[in-house]
Amino acid sequence: MNTNVRGVSKGLKLTDILVTIVISVVFGLVYKIWGPAYDLMKPFGLHAEQLMYGMWFMAGTFAYLIIRKPGVAILAEVAAATVSAFLGSEWGMSTLYYGLLQGLGAELFFAIFLYRNANLWVASLAAAGAAVTSLILDFSYGYIDQLSTWNYVLYIGFRMIGSIVIAGIFAFYLAKALEVTGVTRSLRPATEQDYKGLD
């Protein structure tokens, strides 16, 4: 999987938007189904459910790994959150706020690398960025009660680990597996390797 993108036109085309929306619809369905899986971890205690939280950030990182253009992570997360809310998410309209901020958290790291890297490291950082913004909303909504220091460490630590594993590592290898099939060639900006092949 070539993860470097040569500086070509980075504006979103209609095809990019449509593919991002299709990816988002799939993840919106997954997000809705994921709620019960998340709840199943709660009886294990010690914030074990936070290890599952990263799935809700995956639309943004995965869509970017496929399209690799500015704005894709935000669009994907907002669209997936919209689908999830439309299907009756238990978190209601706040799902849309989470989608927007999680997309921004991921997008920030893709922007830091000037949208030129789509490697495992950058995907993991983007997943962590989405986790941080979700935690900010959790605190602002009062979803996190007053916890002792060690409880905060577990809560935040498990969410970060789950996010990096699911929305970073798993998303990266899923995108890589899809790339092997060749279906991403028409969506991707040309790479250095592509240009060398023309010489």
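As a starting point, this report considers the structure included with it.

1. Regarding the overall build of the protein
Turning to step 1, where the next piece is worked out: The secondary structure content of the protein amounts to seven helices and zero strands.
Turning to step 2, where the next piece is worked out: Going from N to C terminus, the protein has its helices and strands arranged as α-α-α-α-α-α-α.
Turning to step 3, where the next piece is worked out: Counting all 199 residues of the protein, 46% fall into the buried class.
Turning to step 4, where the next piece is worked out: Contacts in the protein between residues at least 24 apart in sequence constitute 78% of all its contacts with a sequence separation of at least 6.
Turning to step 5, where the next piece is worked out: Accessible area of the protein: about 9700 Å², with a carbon and sulfur share of 71%.

2. Regarding the environment of Tyr-155
Turning to step 1, where the next piece is worked out: If you trace the backbone, Tyr-155 turns up in helix 6 (residues 149–180).
Turning to step 2, where the next piece is worked out: Judged by its relative accessible area of 9%, Tyr-155 falls in the buried class.
Turning to step 3, where the next piece is worked out: Along the chain, Tyr-155 and Ile-144 lie 11 residues apart, while their C-alpha atoms are 9.3 Å from each other.
Turning to step 4, where the next piece is worked out: Apart from residues lying up to four places away in sequence, Tyr-155 is in contact with His-47, Gln-50, Leu-135, Asp-138 and Ile-144.

The rules we used
- Residues numbered from 1 in each chain as written.
- Predicted model: local features only at pLDDT ≥ 70, side-chain atom pairs only at ≥ 80, totals over all residues.
- Heavy atoms only, no water.
- Helix = DSSP H or I, 4+ residues; strand = E, 2+ residues; numbered from the N terminus.
- Buried < 20%, exposed > 50% of the residue type's maximum accessible area, 1.4 Å probe, protein only.
- Contact = heavy atoms within 4.5 Å.
- Areas by Shrake-Rupley, 256 points an atom, 1.4 Å probe, with all protein chains shown as cover.

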